[in-house]
Amino acid sequence: MPILKNNMEEKKVRNIINGTVIDHIKPNCAMKVLSILKDIDQECLIVCINTDSKKYGRKDVIKIENKFLQENEYNELALISPEATISMIKDGKITSKEKVKTPTHIKGIGKCKNPRCITNCQDIETEFDVENGDKIILRCVYCESTNEYKN
Ligand SMILES: [Zn+2]
């Protein structure tokens, strides 16, 4: 039964032993999410784009061996895909699973659109208050410019 064997092989590949599963990513946003994750060049990555989702029709999924999200990565993921869920896997078991929460404040993510803002003139990390409505608005804490967050 070669088909059965292939299915089993595939299943083995799909499960990671230690690392993070990011599920329910907005369809076609997986590459954007990968672009914000650090230190994953050497890790085993499994990416599914436009796979079936019971809840949303379509979704992207990323699984990464030996990777646990840092605060900034978590915050940016929440901006890119507010419905995403993060599962941490240790020794083959899910140790935690949660939906991302939109941050109220971010540091070191994005760029202020005001060319005269101090963050664009000096070596200062950007910092924004996040207003979460129909659109996500980032208000610069230095010059108070409002910047719409766009994927
Ligand atoms: Zn600014």
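Residues numbered from 1 in each chain as written. Predicted model: local features only at pLDDT ≥ 70, side-chain atom pairs only at ≥ 80, totals over all residues. Heavy atoms only, no water.

Caption draft 1: Geometry of the coordination of the zinc ion. Within the protein, the zinc ion binds to Cys112 (SG), Cys117 (SG), Cys140 (SG) and Cys143 (SG); these donor distances fall in the range 2.3 to 2.4 Å. Given four donor atoms and angles of 101 to 115° at the metal, the environment of the zinc ion is assigned as tetrahedral. Donor residues for the zinc ion sit on one chain with the sequence pattern C-x4-C-x22-C-x2-C. (Donors = N, O, S within 2.8 Å, 3.2 Å for Na, K, Ca; no water. Tetrahedral: all angles 85-135°; square planar, octahedral: opposite > 155°, others 65-115°.)

Caption draft 2: The nonpolar core, seen in detail. Counting residues in hydrophobic clusters, the biggest one holds 30 residues, and the most contacted among them are Ile22, Val33, Leu37, Ile62 and Leu77. Sorting the residues of this core by element identifies strand E1 (19-25), helix H2 (30-36), strand E3 (57-65), helix H3 (71-80), strand E7 (127-132) and strand E8 (136-140) as the ones contributing at least two each. Ranked by the residues each element gives to this core, the list is headed by H3, at five residues. Inspection of this core shows a minimum of three residues originating in each of domain 1 (2-99) and domain 2 (105-148). Not counting residues up to four positions away in its chain, the partners in contact with Leu77 are Ile22, Val33, Ile36, Leu69, Ala84, Ile86 and Val100. Listed in part, the five residues of the second largest apolar core include Ile16, Val21, Ile46 and Ile89. (Core = buried A, V, L, I, M, F, W, Y, C linked by side-chain atoms within 4.5 Å. Buried < 20%, exposed > 50% of the residue type's maximum accessible area, 1.4 Å probe, protein only. Helix = DSSP H or I, 4+ residues; strand = E, 2+ residues; numbered from the N terminus. Domains from an automatic or database assignment. Contact = heavy atoms within 4.5 Å.)

Caption draft 3: How the structure looks around the side chain of His24. In this fold, His24 is placed in strand E1. Judged by relative accessible area, which is 16%, His24 ranks as buried. A polar contact of 3.4 Å, which involves the side chain of His24, links it to the side chain of Thr85. When neighbours within four sequence positions are excluded, His24 is seen to be in contact with Ser53, Tyr56, Lys59, Asp60, Ser81, Glu83, Ala84 and Thr85. (Polar contact = N/O pair within 3.5 Å; in protein donor to acceptor, adjacent residues only side chain to side chain.)

Caption draft 4: Up close: the sheet that holds E8. Overall, antiparallel pairing links the four strands, which are arranged E6-E7-E8-E9 in an open sheet. Unpaired on one side and paired on the other, strand E6 (105-107) and strand E9 (146-148) mark the two borders of the sheet. Geometrically, the sheet is characterised by an average inter-axis angle of 30° between neighbouring strands, direction not taken into account. In terms of strand pairing, E8 meets E9 through three bridges, oriented antiparallel. Bridged to Ile137 within E9 is Glu148. Against the sheet, H3 contacts E6, E7 and E8, and its axis sits at roughly 125° relative to E6. (Pairing = 2+ DSSP bridges. Axes fitted to C-alpha atoms, helices over the stretch in contact; angles between N-to-C directions.)

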